[in-house]
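The residues making up each chain are set out below.
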Amino acid sequence: MSVVWTAVIIALVVLFLLFLAVKVVKQYEQGVLFRLGRVIGTRQAGLTFIIPFVDVLNRVSLRIVTMPIQSQGIITRDNVSVDVSAVAYFRVVDPVKSVVAIENVGAAINQIAQTTLRKVVGQHTLDETLSETDRINIDIKTILDVATEDWGVEVTLVELKDIQLPDSMKRAMARQAEAEREKRAKIIAAEGEALAADALGTAADIMMAHPLALQLRNLQSLVELGVDKNTTVVFPAPLMSTIGELGSFLARENAAATAGPPAPVVPLTPAALPIQPPAANGKPLASSS
């Protein structure tokens, strides 16, 4: 009986040791094997065996990790306070360094990414931060790659996610955008006026060369006005010539009223002329008053 229990106990111990010796490394992982505290190599994906209580297998994920960088209060180069948040993507390329060189690679990258974000954005003005995000992303990625190279980590991408501006700055930018739109609207309106004036000048030259064209245009205007049944149509006349003729007529009437009626003209006849008798010596007699 004791032999049976001994065999059962031995079998259970063997199964337990076998359970401890068999390890499975997943496809997206790589194992770092420590034997008595020393790294002896790596284990690829699949089934692997270790020595229980002697070997320790650390599994390291090789997938790309998405790490959000929390919002940072940053003062830009032109002394504007902004809150900037970002997101970083990294992956482990050397499992041994990521385990041996640093304790917690994710926390380390998060901290250095925050400081790098404040440093890089603080070197740019607000306009550069808003318009040149691609260059800022590249600068942050370059700095992080240099810092994480010794950790066996590669930063694949860094993107600015959100930029929060103060309310006063938002109002100032809104006024600037509104003024810019008004400027473009005035320029477009002025260009339209210039084109319209050019077209009207060309049309006036054609009408001066062909007076009948002006009459046809007047008739077309009458047709457009006569669409409604309750429209009163007034035949247009050349305005400036009508005003000139009216002024000339009023001037003639005023001149005639100021001079008064003309004196009547009496014809001279022989009966109307006085006759003086001749004197005795042939000289005319002097008339006495």
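In what follows, the accompanying structure is described. (Residues numbered from 1 in each chain as written. Predicted model: local features only at pLDDT ≥ 70, side-chain atom pairs only at ≥ 80, totals over all residues. Heavy atoms only, no water.)

### Some remarks on the nonpolar core
Judged by nonpolar contacts, the single largest core of 31 residues is most densely connected at Leu117 and Ile140. Among the elements that make up this core, the one with the highest residue count is helix α3 (residues 105-122) (7 residues). With near-sequence residues (within four places) excluded, leucine 117 lies in contact with Ile69, Gln72, Ile74, Val84, Ala86, Ile140 and Leu160. (Core = buried A, V, L, I, M, F, W, Y, C linked by side-chain atoms within 4.5 Å. Buried < 20%, exposed > 50% of the residue type's maximum accessible area, 1.4 Å probe, protein only. Helix = DSSP H or I, 4+ residues; strand = E, 2+ residues; numbered from the N terminus. Contact = heavy atoms within 4.5 Å.)

### Details of the sheet that holds strand β8 (residues 153-164)
Pairing is antiparallel in the open sheet, where 3 strands are placed in the order β6-β7-β8. Edge positions in the open sheet fall to β6 (65-75) and β8, since each of these has one partner strand only. Strand-to-strand twist of the sheet, defined as the mean angle between neighbouring strand axes without regard to direction, takes the value 25°. With 9 bridges connecting them, β6 and strand β7 (residues 81-92) associate as antiparallel partners. (Pairing = 2+ DSSP bridges. Axes fitted to C-alpha atoms, helices over the stretch in contact; angles between N-to-C directions.)

### Some words on the packing of α3 against helix α5 (residues 133-148)
Running from N to C, α3 and α5 point in directions that differ by 140°, and their axes come no closer than 10 Å. Judged on the interaxial angle alone, α5 and α3 are oblique. For the pair α3 and α5, the sense of crossing is right-handed. The segment α3 lies against α5, with Ile109, Ile112, Ala113, Thr116, Leu117, Val120 and Val121 engaging Ile136, Asp139, Ile140, Ile143, Leu144, Ala147 and Thr148. (Parallel < 35°, antiparallel > 145°, perpendicular 65-115°, else oblique. Left-handed = near helix turned anticlockwise from the far one by under 90°.)

### Details of the sheet that holds strand β5 (residues 55-61)
In space, the 3 strands of this open sheet follow the order β3-β2-β5, with antiparallel pairing throughout. Only two strands of the sheet have a single neighbouring strand rather than two, namely β3 (38-43) and β5. Going across the sheet, the axis of each strand differs from the next one's by a mean of 25°, ignoring polarity. Two elements, strand β2 (residues 29-35) and β5, share 7 bridges in a ladder whose sense is antiparallel. The residue of β5 that forms the bridge with leucine 33 is leucine 57.

### Some remarks on α5
Taking 1.5 Å as the rise per residue, α5 with 16 residues should run 22 Å; its terminal C-alpha atoms sit 22 Å apart, in good agreement. All of the buried residues in α5 are Ile136, Asn137, Ile140, Leu144 and Thr148. When α5 is viewed along its axis, its buried side chains cluster within an angular range of 100° and face the same direction. More than 90 degrees from the buried face of α5, the exposed residues found are Asp134, Ile138 and Val146. Buried-residue contacts for α5 involve α3, α4 (126-131) and β8. (Expected span 1.5 Å × (residues − 1). Arc of directions from axis to C-beta.)

### Description of unusual backbone geometry
In this structure, phenylalanine 53 takes a positive phi of about 65° despite not being glycine. As for its placement among the helices and strands, phenylalanine 53 is situated in the loop between β4 (46-49) and β5.

### Quick look at α3
The end-to-end C-alpha distance of α3, which contains 18 residues, comes to 26 Å, matching closely the 26 Å that a straight helix rising 1.5 Å per residue would cover. Three or more residues of α3 are buried, namely Val105, Ala108, Ile109, Ala113, Gln114, Thr116, Leu117, Val120 and Val121. Summarising the contacts, the buried residues of α3 are in contact with β6, β7, α4, α5 and β8. Here α3 starts with a cap whose side-chain oxygen sits 3.3 Å from the backbone nitrogen of glycine 106, and that cap is asparagine 104. (Polar contact = N/O pair within 3.5 Å; in protein donor to acceptor, adjacent residues only side chain to side chain.)

### Some points on the packing of aromatic side chains
In the structure shown here, the tally under the stated rule is 0 aromatic pairs. One Lys or Arg, arginine 63, reaches over the ring of tyrosine 28 and ends 3.8 Å from the middle of that ring. (Phe/Tyr/Trp six-rings, centres within 6.5 Å; stacked < 30°, edge-to-face > 60°. Lys NZ or Arg CZ within 6 Å of the ring centre and 35° of its normal.)

### Some words on the side chain of glutamine 30
Along the chain, glutamine 30 falls in strand β2. When its relative accessible area of 13% is taken as the criterion, glutamine 30 is described as buried. Side chain to side chain, glutamine 30 and threonine 42 meet in a polar contact 3.5 Å long. For glutamine 30, the contacting residues outside a window of four places in its chain are Val25, Thr42, Arg43, Gln44, Asn58, Arg59, Val60, Leu62 and Pro95.

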